[in-house]
Amino acid sequence: MDELTAALTELEAPFRTLVDDSEWAHASVEGLVLDIGTWWTADAGARLTPHVTFSVAFSEAGRSQGAVYVEGYLWTDGHPVAAAWCGLHDRVVYGPRAQAYLGVALAPHFCRKVQQRNGTAAVLMSKHPKLLPLLRDGLPRGAVLPGGKPGPRSVGS
């Protein structure tokens, strides 16, 4: 977990200096995940594969009772990787195999709206220019669902 947090903090650093005085909610997508993301754990019951597409993770979350669609970063082979998975409570139930998972559980209505507007399967991880208002203003009310364990910046805040 520490490695993933450190890597995302390093990726965010050049953007952080640009937005510190601008009152943006998040400096970058990496910053957004560090700010509001939560930790997820894959246990022996998780269905893990080498790679999961955003659209498959979204579909799987819709088919699984009580599950949520999560986008964020995972730590695998010594690198942070943008990814999506299906989670339940604080567990990964379907997703890519990784050593650590930090992501944001997203509401289906919010996902569909962004996917249709941007023409991408990924919601936050697409880095589409139309996502800049989400970095500036933050995610709208109701976009984030509960799940996971407190993330790196939510501890003690």
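Residues numbered from 1 in each chain as written. Predicted model: local features only at pLDDT ≥ 70, side-chain atom pairs only at ≥ 80, totals over all residues. Heavy atoms only, no water.

As for helix α1 (residues 2-19)
The condition is simple: Working definition: helices are DSSP H or I runs of at least four residues, strands are E runs of at least two. Numbering for both runs from the N terminus. One fewer than the residue count of a helix, multiplied by 1.5 Å, yields its expected span. Two axes are fitted around each residue, one to the seven residues ending there and one to the seven starting there, and the angle between them is reported as the bend at that residue. Residue burial is assigned from relative accessible area. The probe radius is 1.4 Å, only protein chains are included, and a residue is buried under 20% of its type maximum, exposed over 50%, and partly exposed in between. Contacts are assigned to residue pairs with any non-hydrogen atoms lying within 4.5 Å of each other.
When the terminal C-alpha atoms of α1 are compared, their 24 Å separation across 18 residues agrees well with the 26 Å that a helix rising 1.5 Å per residue should span. At A13, α1 shows its maximal kink, close to 50 degrees; a proline, P14, follows between one and four residues later. Along α1, the residues that are buried comprise L4, T5, A7, L8, E12 and V19. Residues of α1 that are buried make contact with α2 (29-36), β1 (38-40), β3 (68-76), β4 (79-88) and β6 (100-106).

Quick word on the side chain of H26
The condition is simple: As used in this structure description, the phrase polar contact means that two N or O atoms lie within 3.5 Å; if the pair is within protein, one of them must be able to donate a hydrogen and the other to accept it, and residues adjacent in sequence are counted only when both atoms belong to side chains.
If you trace the backbone, H26 turns up in the loop between α1 and α2. For H26, a relative accessible area of 7% translates into the label buried. Within polar-contact distance, the side chain of H26 engages the side chain of D35 at 2.7 Å. If we ignore the near neighbours within four places in the chain, the residues touching H26 are G31, L32, D35, I36, L134, L135 and G138.

A few points about the sheet that holds strand β5 (residues 91-96)
Rule in force here: Note on pairing: two strands pair once DSSP finds at least 2 bridges between them. For helices, the axis comes from a line fit to the C-alpha atoms of the stretch in contact; other axes are also lines fit to C-alpha atoms, and the angle between any two N-to-C directions lies between 0 and 180 degrees.
Spatial ordering of the open sheet is given by β1-β6-β3-β4-β5-β2, a layout of six strands whose pairing is mixed. Each edge of the sheet is formed by a strand with only one pairing partner; in this case those strands are β1 and β2 (47-49). Direction aside, the axes of adjacent strands within the sheet are offset by 40 degrees on average. Sheet topology places β3 next to β6; seven bridges connect them, and they run antiparallel. Note on β6: the bridge partner recorded for V70 is A105.

Quick look at the pattern of salt bridges
Which entries qualify depends on this criterion: We count a salt bridge whenever a side-chain nitrogen from Lys or Arg sits within 4 Å of a carboxyl oxygen from Asp or Glu.
Inspection of the entire model under this criterion finds eight salt bridges. Here R63 makes a salt bridge to E60, at a shortest N to O gap of 2.9 Å. Taken as a pair, R63 and E60 lie in helix α3 (residues 54-63) at a separation of three residues, close to a single helical turn. R136 is the partner of D137 in a salt bridge, and the nearest nitrogen-oxygen pair spans 2.9 Å. On the basis of relative accessible area, D137 is assigned to the exposed category, the value being 51%.

Some remarks on the pairing of β4
In this structure, β3 lies alongside β4, joined through nine bridges in antiparallel fashion. Looking at the pairing, V68 lines up with G87 of β4. A loop of two residues connects β3 with β4, the two strands running antiparallel in sequence, and D77 in this loop sits at a positive phi of about 50 degrees. Taken together, the three bridges between β4 and β5 define a ladder with antiparallel strand orientation. Within β5, the position partnered with L88 by the bridge is R91. In this antiparallel pair of consecutive strands, β4 and β5, the connection spans two residues, and H89 shows a positive phi of 60 degrees.

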